[in-house]
There are 2 protein chains.
Amino acid sequence: MAVCIKSIRSFSQAIRKSLHLGIRENTKLKNWGLKHEKTLLQSISNKKTKFYKLAVIGSGSWASAIARIVGHNARHNDLFDETVMMYVRQRIFKGEKLTDIINSQHENPCYLPGFKLPDNIFAVSDVVEAARNSDIIIFVMPHKFVKQTCTPLIGQIKPYSIGVSLIKSFDVDDSGEIRLVSDWLRKNLNIDVSVLMGANIAHEVAAEFLCEATLGTYDEQVGNILKQLFETDYFKVTMSTDLSTIELCGALKNIVALASGCVDGLGYGNNTKAAVIRLGLTEMIKFAQWFYPKAKLETFFQSCGVADLLTTCYGGRNRRLAEAFVRTRQKLNELEAEMLEGQKLQGPETADAVHRVLKKQNLEEHFPLFVVVNKIFTGQLPPTELITCVRHHPQFRNLV
Amino acid sequence: MAVCIKSIRSFSQAIRKSLHLGIRENTKLKNWGLKHEKTLLQSISNKKTKFYKLAVIGSGSWASAIARIVGHNARHNDLFDETVMMYVRQRIFKGEKLTDIINSQHENPCYLPGFKLPDNIFAVSDVVEAARNSDIIIFVMPHKFVKQTCTPLIGQIKPYSIGVSLIKSFDVDDSGEIRLVSDWLRKNLNIDVSVLMGANIAHEVAAEFLCEATLGTYDEQVGNILKQLFETDYFKVTMSTDLSTIELCGALKNIVALASGCVDGLGYGNNTKAAVIRLGLTEMIKFAQWFYPKAKLETFFQSCGVADLLTTCYGGRNRRLAEAFVRTRQKLNELEAEMLEGQKLQGPETADAVHRVLKKQNLEEHFPLFVVVNKIFTGQLPPTELITCVRHHPQFRNLV
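Residues numbered from 1 in each chain as written. Chains lettered and ligands numbered in written order. Predicted model: local features only at pLDDT ≥ 70, side-chain atom pairs only at ≥ 80, totals over all residues. Heavy atoms only, no water.

> Kindly report on the sheet that holds strand 8 (residues 136-139) of chain B, identifying the contributing residues and their values.
All names here are of chain B. Strands sit in the order 7-2-1-8-9-12-13-14 across an open sheet of eight strands; the sheet is mixed. Sheet topology places strand 7 (121-124) and strand 14 (235-240) at the edges, where each strand pairs with a single neighbour. Neighbour-to-neighbour, the strand axes of this sheet turn through a mean angle of 25°, independent of strand direction. Note that strand 1 (residues 52-57) and strand 8 share four bridges and pair parallel. Bridge pairing in strand 8 places isoleucine 57 opposite phenylalanine 139. Helix 9 (residues 220-230) contacts strand 1, strand 2 (80-87), strand 8, strand 9 (162-165), strand 12 (192-197), strand 13 (211-216) and strand 14 of the sheet and is inclined by roughly 165° relative to strand 14. (Pairing = 2+ DSSP bridges. Helix = DSSP H or I, 4+ residues; strand = E, 2+ residues; numbered from the N terminus. Axes fitted to C-alpha atoms, helices over the stretch in contact; angles between N-to-C directions. Contact = heavy atoms within 4.5 Å.)

> Describe the interface of chain B and chain A, naming the residues involved and giving the relevant values.
Of the residues lining the interface, 55 residues belong to chain B; the matching set on chain A comes to 56 residues. In total, about 4800 Å² of surface goes out of reach between chain B and chain A, with carbon and sulfur atoms giving 64% of it. Taken together, the links from chain B to chain A amount to four salt bridges. For arginine 391 of chain B, the salt bridge identified is with aspartate 233 of chain A, shortest N-O distance 3.5 Å. Run the count over chain B and chain A and you get 18 residue pairs in polar contact (both at pLDDT 80 or more). When contributions to the side of chain B that touches chain A are tallied by element, the ones reaching two or more residues are helix 8 (202-206), strand 13, helix 9, strand 14, helix 11 (270-291), helix 12 (303-315) and helix 17 (385-391) of chain B. Residue contributions to the side of chain B that touches chain A peak at ten residues, all from helix 11 of chain B. (Buried area = accessible area lost by both parts, 1.4 Å probe. Salt bridge = Lys/Arg side-chain N within 4 Å of Asp/Glu carboxyl O. Polar contact = N/O pair within 3.5 Å; in protein donor to acceptor, adjacent residues only side chain to side chain.)

> Talk me through the UniProt feature "domain: Glycerol-3-phosphate dehydrogenase NAD-dependent N-terminal" (unreviewed entry) in chain A; I want residue IDs and the actual numbers.
Under the local residue numbering, the UniProt record ascribes the feature "domain: Glycerol-3-phosphate dehydrogenase NAD-dependent N-terminal" (unreviewed entry) to residues 53-221 of chain A. Its end C-alpha atoms 17 Å apart, residues 53-221 of chain A is made of 30% helix and 32% strand. (UniProt positions renumbered as here; feature names shortened; annotations may be inferred.)

> Can you tell me about the relation of the copies chain B and chain A, naming the residues and giving the values?
Laying chain B over chain A is done by rotating through 180° and shifting 0.0 Å along the axis; what remains is an RMSD of 0.0 Å. What the superposition gives is, in effect, a two-fold axis relating one chain to the other. Most of the interface of chain B is mirrored in chain A: 100% of its interface residues are interface residues there too. (Least-squares fit on C-alpha atoms with pLDDT ≥ 70 in both.)

Pasting the structure below:
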């Protein structure tokens, strides 16, 4: 059987390589090539041959929770190679290397204590080692580590591998243009990148409470392979081709969560909070449709949209810290140090990035909630200005 | 001034009457007539003449909270006559008639204790007396009292008056057809009826915490008058012409709130709850679009849609009782007696009505969440079936 798998893999790899080398310059041809390549892969997978080698790039709580799922599916679905490589940013925990702890105790005591990882997860501290031979690479780390972590991968991974980003944030360049994480990965690593976003608080996923996520991919067959990789009895996956909207939702909801925590901190009730979340959602939609005109309204009704927004605005740490920020008037970085054990909030950074885009493109007045959140959390305005902003929101100027 | 107002009013009434009498049979002509009538009214209102007489039909907590708003605006906006009639279902409270308490103490101690009503609210226990001379009649009471309360009004109110329904529920007739409350009022009272729905927990509105609502009306000028009637500095109003969707949202969200409380009762976390609310929302949309094909997706992004859903699913009493129902396994009516002081939940009744429509029209399989909620709360299935339902929801069968 091993010989058989090996020969099929080499055969496929040879075809992939020839397809890849000849047609990289031409996108249409490239897509044609990918399509045919995937048809081949699909026909191989139909033969129940273990095929796709897997890597998880990241070792935080969400990376560990998703590694539990992927590890389980790799073991139980013949489409995937059983060993899952996991890139772990090395650190010493109670005198021992984190990679050694994960490999011997099958647990990540730093970021997901109390939950066993499957023993087919193999942790390494060299990102190239983790990803070099992988066919599917799952990127899941805080946004600020992406470039530093992934730059060593440039030119070092299989060119036809499939990337999946679980990273909920984006950059803004000096000219005020949005740079999605998936775009950075796509461009720099020269691979296809899908996205997976949703209402997925890591500890609850690890506890195997039923939940769902949205998988965004341009390619039907890649989608069907990735659905098999991620879906379990407790982690359900819907699919969409609206990638940029899915990715934007994951980032923008953190701004709304800050607003939501602000409402809690000011002592307002359910009605006010619902109004703020609702207006935040409408600004998310407007933002997505402005910068990505093909953005679909339906995508906001997926887990990545309204559901993730709810989870974050009622249960997330951006909401919690924002509430504390308003109540205590302490500085955000002090609160982060006290409440997040050195981790950073994503919300303020995203609010700042969004504000920079809006300023550069002269759109501030169209997104008053996004703007006021940034001004509040950078100390330029008092938190009560959120309420003033809602009171005068352009939405209330409409007539029938 | 009084003479002037009186003469303008008689003049307008004469015109209204002539328009009304001649053209009631023909809808197009009727609409034309109403349009012209309203232009006249508008031109009168521009002269700052007090014009519209007001009535609130209902005396519960929401009726009292909205009476505070309407009473305030009637006093401060020359468009409206200052006295607001309020129909109060008579009861004796601490030895005194409720109407007398409201008229002397300017408070409704039964349903909204601790909040003063403006002293231009005049409570009466005769519904015809309350509404007979009114130009704008606000209907706000539990759904089950509508027919009994409003039947006496048939033929007794001004035929050209404007109705506004704040009632969040609907009926289903024996043939499985949906009967919206606004339709019943429109048909039986022979008047135009707008709707006002949103994330409006009564006590928070009474406490003047900032919130918003969606006003649905077919007519621009009626909309603009009603916006002036309802909007305050803390109660903001957006407008829409998608009336049936607005009204359906107000009813259907209570089914999702039961599901949401069920998740809490079963001890699941934020992710599961967000998934259930999200799937509930998609069934709300599907239901609205199925039965009212002109239903707009945008309406679900208004306060009546996603915001009211949030408030109800995180803070409402349907959620609270559903959680208790699952935890204690007590009967719903016992819990209602214990926890709601004799008031009834709207959710189970709506779930039952919706299930009847779906059964009659052979659509059960398309709305599994709605159906399972009804089966759980009528004791036909255990609460854990909600999780099974979500796990197998048709949404997760989709491919890219």
